[in-house]
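These are the residues of each chain, in order.
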Number of protein chains: 2
Amino acid sequence: MQAWKEYQEVNKGRFLQELTELLRIPSVSARSEHKPDMQTCAKAVRTALLEAGADKATIFATDGHPIVYAEKIIDPAKPTILVYGHYDVQPADPLELWHSGPFEPVVKDGKLFARGSADDKGQVYMHVKAFETMVKTGTLACNVKFIVEGEEEIGSPNLGKFVESRAALLACDVVLISDTSMLSLDTPSIDVGLRGLTYIEVAVTGPDRDLHSGVYGGAVGNPITTLAEMIASLHDKHGRITIPGFYDDVRELPATERAELARAPFDEAAYKKDLGVKALWGEEGYSTNERTGIRPTLEVNGIWGGYTGEGAKTVLPSKAFAKISCRLVPDQGSAKITKLLIDHLHKIAPPYVTVEAHEHHGGEPYVTPVDSAAFKAASKAMETTFGKTPIPMRGGGSIPITALFERALGVKVVLLGFGLDSDNLHSPNEKFDLANFYKGIETIPYFHRFFAEMHPHG
Amino acid sequence: MQAWKEYQEVNKGRFLQELTELLRIPSVSARSEHKPDMQTCAKAVRTALLEAGADKATIFATDGHPIVYAEKIIDPAKPTILVYGHYDVQPADPLELWHSGPFEPVVKDGKLFARGSADDKGQVYMHVKAFETMVKTGTLACNVKFIVEGEEEIGSPNLGKFVESRAALLACDVVLISDTSMLSLDTPSIDVGLRGLTYIEVAVTGPDRDLHSGVYGGAVGNPITTLAEMIASLHDKHGRITIPGFYDDVRELPATERAELARAPFDEAAYKKDLGVKALWGEEGYSTNERTGIRPTLEVNGIWGGYTGEGAKTVLPSKAFAKISCRLVPDQGSAKITKLLIDHLHKIAPPYVTVEAHEHHGGEPYVTPVDSAAFKAASKAMETTFGKTPIPMRGGGSIPITALFERALGVKVVLLGFGLDSDNLHSPNEKFDLANFYKGIETIPYFHRFFAEMHPHG
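Remember, predicted model here, so these are calculated numbers, not experimental data.

Reading the values: rules and limits
Residues numbered from 1 in each chain as written. Chains lettered and ligands numbered in written order. Predicted model: local features only at pLDDT ≥ 70, side-chain atom pairs only at ≥ 80, totals over all residues. Heavy atoms only, no water. Helix = DSSP H or I, 4+ residues; strand = E, 2+ residues; numbered from the N terminus. Rg over C-alpha atoms; globule rule 2.2 N^0.38 Å. Buried < 20%, exposed > 50% of the residue type's maximum accessible area, 1.4 Å probe, protein only. Contact = heavy atoms within 4.5 Å. Areas by Shrake-Rupley, 256 points an atom, 1.4 Å probe, with all protein chains shown as cover. Lys, Arg positive; Asp, Glu negative; His and termini not counted. Charge placed at Lys NZ, Arg CZ, Asp CG, Glu CD. Core = buried A, V, L, I, M, F, W, Y, C linked by side-chain atoms within 4.5 Å. UniProt positions renumbered as here; feature names shortened; annotations may be inferred. Salt bridge = Lys/Arg side-chain N within 4 Å of Asp/Glu carboxyl O. Domains from an automatic or database assignment. Buried area = accessible area lost by both parts, 1.4 Å probe. Nonpolar A, V, L, I, M, F, W, Y, C, P; charged D, E, K, R; others polar. Expected span 1.5 Å × (residues − 1). Least-squares fit on C-alpha atoms with pLDDT ≥ 70 in both. Pairing = 2+ DSSP bridges. Axes fitted to C-alpha atoms, helices over the stretch in contact; angles between N-to-C directions. Parallel < 35°, antiparallel > 145°, perpendicular 65-115°, else oblique. Polar contact = N/O pair within 3.5 Å; in protein donor to acceptor, adjacent residues only side chain to side chain. Left-handed = near helix turned anticlockwise from the far one by under 90°. Disulfide = S-S within 2.5 Å. Phe/Tyr/Trp six-rings, centres within 6.5 Å; stacked < 30°, edge-to-face > 60°. Lys NZ or Arg CZ within 6 Å of the ring centre and 35° of its normal.

Draft legend 1. Quick peek at the overall build of chain A. For chain A, the helix and strand inventory stands at 13 helices and 20 strands. By the compact-globule yardstick of 23 Å for 458 residues, chain A fits well, its C-alpha radius of gyration being 23 Å. Projected onto the principal axes, the alpha-carbon positions of chain A cover approximately 80 × 50 × 45 Å. A total of 458 residues make up chain A; the buried ones form 64% of that total. Within chain A, contacts between residues at least 6 apart in sequence are counted, and of these 79% link residues at least 24 apart. By element, 52% of the accessible surface of chain A is carried by carbon and sulfur atoms, the whole surface being about 16100 Å². When the 48 positive and 60 negative side-chain charges of chain A are each reduced to one mean point, those points stand 2 Å apart.

Here you go:
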């Protein structure tokens, strides 16, 4: 035990320095102009894995951005951990709200500010450095495989095919993912559920060209107004989604599980203050943690149409657009909800507009059983380094590929996240607390050891 | 009579060539980067007026874009016509929908395509060339003054002060404006009413930063959804505006005037086909022409918020914005409706958002009495050149300064427009039919002659 702690203590400055270099690469998967940066970043990840001690590391081309694979097989008789992460990041805009450049990492007050610091480069790097620690100190307890993709933020369009066609290469006993948050350093937690996702884009077209709002206003349906009416109709006054059939497959949690989740501390006043809002909103009959964890939601992620420039233009536009996503819970199916949503939008469109909608991407909800060896090893690892039993949580976000791994590889997924909800994921000024970064590097080797002990192979 | 027709026939090619040069100047008043173009355009208008025969022409600086003034006083005993127009144009975007460059004029099938061809450079130029014709052929019947401003498309923020402080300079017997449309070359018409305008921008703020829609979705009010709900609530299911007090001052037209307006031919099937819509929309109980002429309206001219780029971003945004305008009819007041609208938006905002709204610009509705000398002269001039009595119409658009001229100068305004509703004003591929351009140049000298005869000074 001592050997790896000492190694980490001596090398922590270098660990941070290396992560900083990785964060400088603007690997924004959603933007085609960053295609070369994606290649650069994949190569940097491959090099880091080789330097950490991987026996081999390969960059696999896909129809989109490349996937990095690496492994170190110490003994086929030992259990194998497959670490999944992603090197791509969300777009950084709005740029003007960043206090420092999104790709110019800065440490301030013990926090590392940069796009991707927490989601997910920083958390991937915890695994790389924990792996290095175990290799260099001769304490590896399991075989290790890494799969680090570059398309998580755009829905992993090529990962499914890759995983399904390379089940032998990726064969493992557990998939370990650090791409989620914990409650706080004082209150460790492990996500045992993730919501699924449906993400669509809808275009509403009225007249076939932009019109003068004075000449035609009042006589021709305005697609912005129509889109607004359609969006407004998607929730009722109780905060429930109005799409027929939307809740049909939702698994209601038994009272005992709701009570267990309610153990998580929640300070509504602090939550509101942190967000700068005077009131909260959500589905009636559920707490905030339930609204973000065990209930499905529908959010408009973007809207645009008509004149959005400086000043005033009296236009009655031809088109209006929105990006709409739903978070799904067990046992909702992403494809089914996508179809329900798109069909519903067509159905509620008035006759003076036409509606076109298409899916961006989707993913299935996922649950980790709390009685699995994988969960128990994760819980014990956190308890060892944090001194407290972590609370099992339902996370609100989606990692669409969790369900895919279970289906294709036949193993459980553990979500050992070290971020915080306040990390500004997908927002300006994303950060990762250095304390969390180092705690992750310290905790991961314990997971390897406990999993080797608890797993039937061990 | 013959002299001026001959002059126009000989010079029509040059008239078009000169207008084409004027249209090349991208005088977009709403965009600060075009400030130098506004100066260039003002100088070009001044030069054109001097070359046409003005005794003097001056560029007046304002707090915004300059105003061009010119005059030719032939006899103080004769009546004076003040021609008003504007040299500024609407922004040209969306650029990708133009078939040729918005500032690279092209003549195709007898139509001149360019931003500003109809609104309003082409129509101003009819007056410049009609004036030149009368000067060169010695047939001027009235004194002529020109005021051509550069801020009409942004609400004429500096014209009011200019007109009010220079009432002596601008003293006249009628204001003549060509900035409207007629029904068609076969069915001439004159706008006797213009709607007023209220134009505001509203910002709805939820959380103080963009959030991850997975982590916070379902628990925090989404400002896009909220803005959509607010917009949706502004009309009831009968197409009526729901803002309390909105209709209080609306002057209902007597049945006889509604019958007179109903004379205008209207082919609903052709109207729908032209716009590419399957159905129309509007306030119940009113015809399409009434909806755009004698009824007030509320339109959303632009909306934006959240992620609007390529691909998918799972953001719950901090802010959403809209540009909203109302067309007003007699006796609605612009300032009152602006206040009603802004107050209402604040009132309907739910507690989990904050609303900020400000006015862009406004203008009052206007009516030209059909028994005035000015209207009669205009009607007779059109009848002379078109062979048909023009139909008095209520135009849907707004020229906010019509009410200002009447108030500040104490005279009536005549709206002698030669555009067509199909001119794509404020849209891509704006055009002006050359037949209309030349018909305007032919008709205007008759107006001068008939006004001189009918006016008490004449």
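Moving on, there is more to tell.
Draft legend 2. How the structure looks around the nonpolar core. If you look at the biggest cluster of nonpolar residues, it comprises 67 residues, and the most contacted ones within it are I324 of chain A together with V202 and I324 of chain B. Filtering out sequence-adjacent residues up to four positions away, V202 of chain B remains in contact with L227, A320, F321, A322, I324, L345, V355, E356 and A357 of chain B.

Draft legend 3. Quick peek at the UniProt feature "domain: Peptidase M20 dimerisation" (unreviewed entry) in chain A. Summarizing the sequence annotation, UniProt attributes the feature "domain: Peptidase M20 dimerisation" (unreviewed entry) to residues 200-352 of chain A in the numbering used throughout. With 33% helix and 20% strand, residues 200-352 of chain A has its two end C-alpha atoms placed 22 Å apart.

Draft legend 4. Region of interest: the pattern of salt bridges. Residue and element names in this part refer to chain A. Summed over all chains, the structure comprises 52 salt bridges over all chains. Between R14 and E132 there is a salt bridge, and its shortest N-O distance comes to 2.7 Å. Of this pair, R14 sits in helix α1 (residues 2-23) while E132 sits in helix α3 (residues 121-136), and the two are 118 residues apart along the sequence. Residue classification places E132 among the buried positions, given a relative accessible area of 3%.

Draft legend 5. Representation of the domain arrangement of chain A in the model. Residue and element names in this part refer to chain A. Considered domain by domain, chain A is made up of domain 1 (2-194 + 365-454) and domain 2 (196-250 + 296-363). Taken together, the contact pairs 11 residues of domain 1 with 10 residues of domain 2. Here domain 1 meets domain 2 over a buried area of about 720 Å², counting both sides, of which 62% is carbon and sulfur. Considering only the side of domain 1, the residues that lose the most area to domain 2 are P365, S398 and P400, jointly responsible for 62% of the buried surface there. Where domain 1 meets domain 2, there are 0 salt bridges. Taken together, the residues that form the side of domain 1 that touches domain 2 break down as 5 nonpolar, 4 polar and 2 charged.

Draft legend 6. The arrangement of helix α10 (residues 334-348) of chain A in detail. Counted at 1.5 Å a residue, the expected span for α10 of chain A with its 15 residues is 21 Å, and the 21 Å between its end C-alpha atoms agrees. Structurally, α10 of chain A contributes buried residues whose contacts are with β10 (196-205), α6 (223-232), β12 (297-306), β14 (319-328) and β15 (354-363) of chain A.

Draft legend 7. Focus on the relation of the copies chain B and chain A. Relative to chain A, chain B is turned by 180 degrees and slid 0.0 Å along the rotation axis, the superposed coordinates differing by an RMSD of 0.1 Å. Read as a symmetry element, the transformation amounts to a two-fold axis. With an isologous cut-off of 70% or more, the 100% of interface residues of chain B that recur at the interface of chain A puts this contact in the isologous class.

Draft legend 8. The arrangement of the sheet that holds strand β20 (residues 431-433) of chain A in detail. Residue and element names in this part refer to chain A. With respect to topology, 3 strands assemble into an open sheet ordered β4-β5-β20, the strand pairing being antiparallel. Either end of the sheet is taken by a strand with one partner, and the two such strands are β4 (106-108) and β20. The mean inter-strand angle of the sheet, taken between neighbouring strand axes irrespective of direction, is 25 degrees. Across 3 bridges, the pairing between strand β5 (residues 111-113) and β20 is antiparallel. Across the sheet, the residue bridging to L112 is F432, located in β20. Strands β4, β5 and β20 of the sheet are contacted by helix α13 (residues 434-454), whose axis makes an angle of about 60 degrees with β20.

Draft legend 9. Fine view of the packing of helix α2 (residues 35-52) of chain A against α3 of chain A. Residues and elements named next belong to chain A. Axis separation between α2 and α3 bottoms out at 8 Å; the angle between their running directions is 25 degrees. With respect to α3, the axis of α2 lies roughly parallel. Listed contacts from α3 to C41, A48, L49, E51 and A52 of α2 are K121, Y125, V128, F131, E132, V135 and K136. Residues belonging to the contact of α2 with α3 are distributed by class as follows: 8 nonpolar, no polar and 4 charged.

Draft legend 10. Inspection of the pairing of β14 of chain A at higher detail. All names here are of chain A. β14 sits mainly inside the fold: 8 of its 10 residues count as buried. Pairing analysis gives 10 bridges linking β10 to β14, with the strands arranged antiparallel. In the strand pairing of β14, V204 is matched with A320. Direction of pairing for β12 relative to β14: antiparallel, over a ladder of 8 bridges. Pairing of T297 across the sheet is with R327, part of β14.

Draft legend 11. Main features of the interface of chain B and chain A. The partner chain A presents 87 residues to the 87 residues of chain B that form the contact. For the chain B and chain A pair, buried surface summed over both sides reaches about 7400 Å², with 53% attributable to carbon and sulfur atoms. For the chain B face of the interface with chain A, the top three residues by lost area are W281, I303 and K313 of chain B, together amounting to 9%. In this assembly, chain B and chain A are joined by 2 salt bridges. A salt bridge links R209 of chain A to D274 of chain B; its shortest N-O distance comes to 3.0 Å. Run the count over chain B and chain A and you get 43 residue pairs in polar contact (both at pLDDT 80 or more). No other element matches strand β12 (residues 297-306) of chain B, which puts 9 residues into the side of chain B that touches chain A. Across 5 bridges, β12 of chain A lies against β12 of chain B in antiparallel orientation. Bridging across to β12 of chain B, G305 of chain A finds its partner in I303 of chain B.

Draft legend 12. Focus on the packing of helix α11 (residues 373-386) of chain A against α13 of chain A. Residues and elements named next belong to chain A. Between α11 and α13, whose axes approach to 8 Å, the crossing angle comes to 135 degrees. Here α13 runs oblique to α11, going by the angle between their axes. The handedness of the crossing between α11 and α13 comes out as right-handed. Two secondary-structure elements touch here, α11 through A373, A374, K376, A377, A378, K380, A381, M382, T384, T385 and F386 and α13 through K439, E442, T443, Y446, F447, F450, F451, E453 and M454. Its residues placed into classes, the contact of α11 with α13 shows 12 nonpolar, 3 polar and 5 charged.

Draft legend 13. A look at the sheet that holds strand β20 (residues 431-433) of chain B. Residue and element names in this part refer to chain B. Across the sheet, 3 strands lie side by side as β4-β5-β20; this open sheet has antiparallel pairing. Among the strands making up the open sheet, the edge pair consists of β4 (106-108) and β20. Averaged over all pairs of adjacent strands, the angle between their axes in this sheet comes to 25 degrees, without regard to strand direction. When β4 meets strand β5 (residues 111-113), the two strands line up antiparallel, connected through 3 bridges. Bridge assignment links K108 to a residue of β5, and that residue is K111. Sheet contacts for helix α13 (residues 434-454): β4, β5 and β20; angle to β20, the most-contacted strand, approximately 60 degrees.

Draft legend 14. Inspection of the side chain of T20 of chain B at higher detail. In this fold, T20 of chain B is placed in helix α1 (residues 2-23). Dropping the residues within four chain positions of it, T20 of chain B is found in contact with P105 and L112 of chain B.

Draft legend 15. Broad picture of the pairing of strand β17 (residues 391-394) of chain A. All names here are of chain A. Alternating positions in β17 separate into two faces, I391 and M393 on one and P392 and R394 on the other, with burial throughout. Strand direction decides the pairing type here: strand β9 (residues 189-194) and β17, joined by 4 bridges, are parallel. Residue pairing across strands places I190 opposite P392, the latter belonging to β17.

Draft legend 16. Layout of the state of the cysteines. Scanning the entire structure with this criterion turns up 0 disulfides over all chains. Distance from the sulfur of C142 of chain B, which forms no disulfide, to the nearest cysteine sulfur (C172 of chain B) is 11 Å.

Draft legend 17. Structural view of the packing of aromatic side chains. Across all of its chains, the model carries 26 aromatic pairs over all chains by this definition. Ring geometry for F246 of chain B versus Y247 of chain B: centroids 5.2 Å apart, planes at 80 degrees, classification edge-to-face. Pair check on accessibility: F246 of chain B and Y247 of chain B agree, each one buried. Among the aromatic residues, those joined into a ring-pair cluster are W4, Y446 and F450 of chain A. Sitting over the face of the ring of Y247 of chain A, R240 of chain A holds its NZ or CZ atom 4.1 Å from the ring centroid.

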